[in-house]
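Descriptive analysis of the structure
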Amino acid sequence: MTGKGNNVSKHIQIFKGWAETLRQDADAMKALVESADADEEARKLAAASLSYLVTRMDLVPDWSEGIGALDDVMVLRVCAALVSGHALGSLPSSAEIDLGRMGNDVEKIYDFLGGELLGKLKSYCVKLTESTVRGRTPGVILTDDAARAALYADVEEEIKRSGVVVIADADDAELKLKAYLTHKLG
């Protein structure tokens, strides 16, 4: 395999590994949503990232040959990086650690996408704070206990449905993932 192929495999393997921490990552975002003393914008970003997990109209279709979950884990990480500049309130230490880890992982997304496309992904994530998914906006999720409980139930179902990410051809996966993101964010 060429050096480029090894680099591709490295990125795809990293992104696949992120799918294995989906429950832990979602729990950290839930903790931030629940943190009443955190900045509202940080809480909205956390709610938006959770809503993104359950939307059917995302950047990479969930049914797309192994890569359908990779945009989900990328959005979680970009939102975690975006909240890092906000007051997060009193969070359990595990949630603080997980949010920091996810935010730091954005460096790997930068390595894969480059600065311009990552910038577009960040802008997309900010816009998610005003998006409606299943009749709920992030603002409603913060203020409505029933909407928040429904989102959490939807996230739980999504996590249960999520299996191990299987990618047979890392080079092909890179091309498809980058093509979807370029097309949708372009």
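Quick caveat: nothing in here was measured; it's all calculated off a predicted structure.

**A short note on the environment of Glu-157**
Considering the arrangement of structural elements, one finds Glu-157 in helix 8 (residues 145–161). Between the C-alpha atoms of Glu-157 and Lys-120, which are 37 residues apart in sequence, the distance is 29 Å.

**Looking at helix 2 (residues 22–34)**
Under the 1.5 Å per step criterion, the end-to-end length of helix 2 is 18 Å for 13 residues, consistent within 8% with the ideal 18 Å. For helix 2, every residue scored as buried is listed here: Leu-22, Asp-25, Ala-26, Ala-28, Met-29, Lys-30, Ala-31, Leu-32 and Val-33.

**As for the packing of helix 3 (residues 40–54) against helix 8**
Helix 8 packs onto helix 3 with a crossing angle of 50° between their chain directions and a minimal axis gap of 9 Å. Relative to helix 8, the element helix 3 lies oblique. Crossing geometry of helix 3 relative to helix 8 is assigned as left-handed. For the pair formed by helix 3 and helix 8, the contact residues are Ala-47, Leu-50, Ser-51, Leu-53 and Val-54 on the first element and Leu-151, Tyr-152, Asp-154, Val-155 and Glu-158 on the second.

**Let's talk about the side chain of Ser-51**
Relative to the helices and strands, Ser-51 resides in helix 3. By relative accessible area, which is 4% here, Ser-51 ends up buried. In this structure Ser-51 touches Val-133, Ile-141 and Leu-151, once residues within four positions along its chain are discounted.

**Here we look at helix 9 (residues 170–185)**
Taking 1.5 Å of rise per residue, 16 residues should cover 22 Å, and helix 9 covers 22 Å from first to last C-alpha, within 8% of that figure. Turning to helix 9, its buried residues number three or more, namely Ala-170, Ala-173, Glu-174, Leu-177, Leu-181 and Leu-185. All buried residues of helix 9 fall inside an arc of 100° around its axis, so they share one side. Turned more than 90 degrees off the buried face of helix 9, the exposed positions are Leu-175 and His-183. You can read the cap of helix 9 off the contacts: a side-chain oxygen lies 3.0 Å from the backbone nitrogen of Asp-171, and it is on Asp-169.

**Quick word on the side chain of Arg-43**
You can see Arg-43 is positioned in helix 3. Despite being buried, Arg-43 has no salt bridge partner; Glu-34 is the closest side chain of opposite charge, sitting 6.3 Å away. With near-sequence residues (within four places) excluded, Arg-43 lies in contact with Leu-32, Val-33, Ser-35, Ala-36, Ala-38 and Leu-142.

**Digging into the nonpolar core**
Proteins that are soluble and globular tend to have nonpolar side chains buried together. Counting residues in each nonpolar core, the largest one holds 61 residues, and the members touching the most others are Leu-121 and Leu-177. Setting aside residues no more than four positions away along its own chain, Leu-121 makes contact with Leu-59, Met-74, Val-75, Val-78, Ile-109, Leu-113 and Leu-185.

**Some points on unusual backbone geometry**
Although it is not a glycine, Arg-134 adopts a positive phi angle of roughly 55°. For Arg-134, the location among the structural elements is in the loop between helix 6 (115–127) and helix 7 (138–143). Under the relative-accessibility criterion, Arg-134 is labelled partly exposed at 42%.

**Some thoughts on the environment of Ser-123**
One can find Ser-123 in helix 6. Considering only alpha carbons, one finds Ser-123 and Val-78, 45 residues apart in sequence, at a separation of 9.8 Å.

**Observations regarding the pattern of salt bridges**
For the coordinates displayed, the defined rule picks out 19 salt bridges. The residue Asp-25 makes a salt bridge to Arg-101 at a minimum N-O spacing of 2.6 Å. One end of the pair, Asp-25, is in helix 2; the other, Arg-101, is in helix 5 (residues 93–113), with 76 residues separating them in the sequence. Given the relative accessible area of 0%, Asp-25 is considered buried. On the basis of relative accessible area, Arg-101 is assigned to the partly exposed category, the value being 25%.

Cut-offs applied
- Residues numbered from 1 in each chain as written.
- Predicted model: local features only at pLDDT ≥ 70, side-chain atom pairs only at ≥ 80, totals over all residues.
- Heavy atoms only, no water.
- Helix = DSSP H or I, 4+ residues; strand = E, 2+ residues; numbered from the N terminus.
- Expected span 1.5 Å × (residues − 1).
- Buried < 20%, exposed > 50% of the residue type's maximum accessible area, 1.4 Å probe, protein only.
- Axes fitted to C-alpha atoms, helices over the stretch in contact; angles between N-to-C directions.
- Parallel < 35°, antiparallel > 145°, perpendicular 65-115°, else oblique.
- Left-handed = near helix turned anticlockwise from the far one by under 90°.
- Contact = heavy atoms within 4.5 Å.
- Arc of directions from axis to C-beta.
- Polar contact = N/O pair within 3.5 Å; in protein donor to acceptor, adjacent residues only side chain to side chain.
- Lys, Arg positive; Asp, Glu negative; His and termini not counted.
- Salt bridge = Lys/Arg side-chain N within 4 Å of Asp/Glu carboxyl O.
- Core = buried A, V, L, I, M, F, W, Y, C linked by side-chain atoms within 4.5 Å.

Everything listed is a geometric property; what it means functionally is a separate question.
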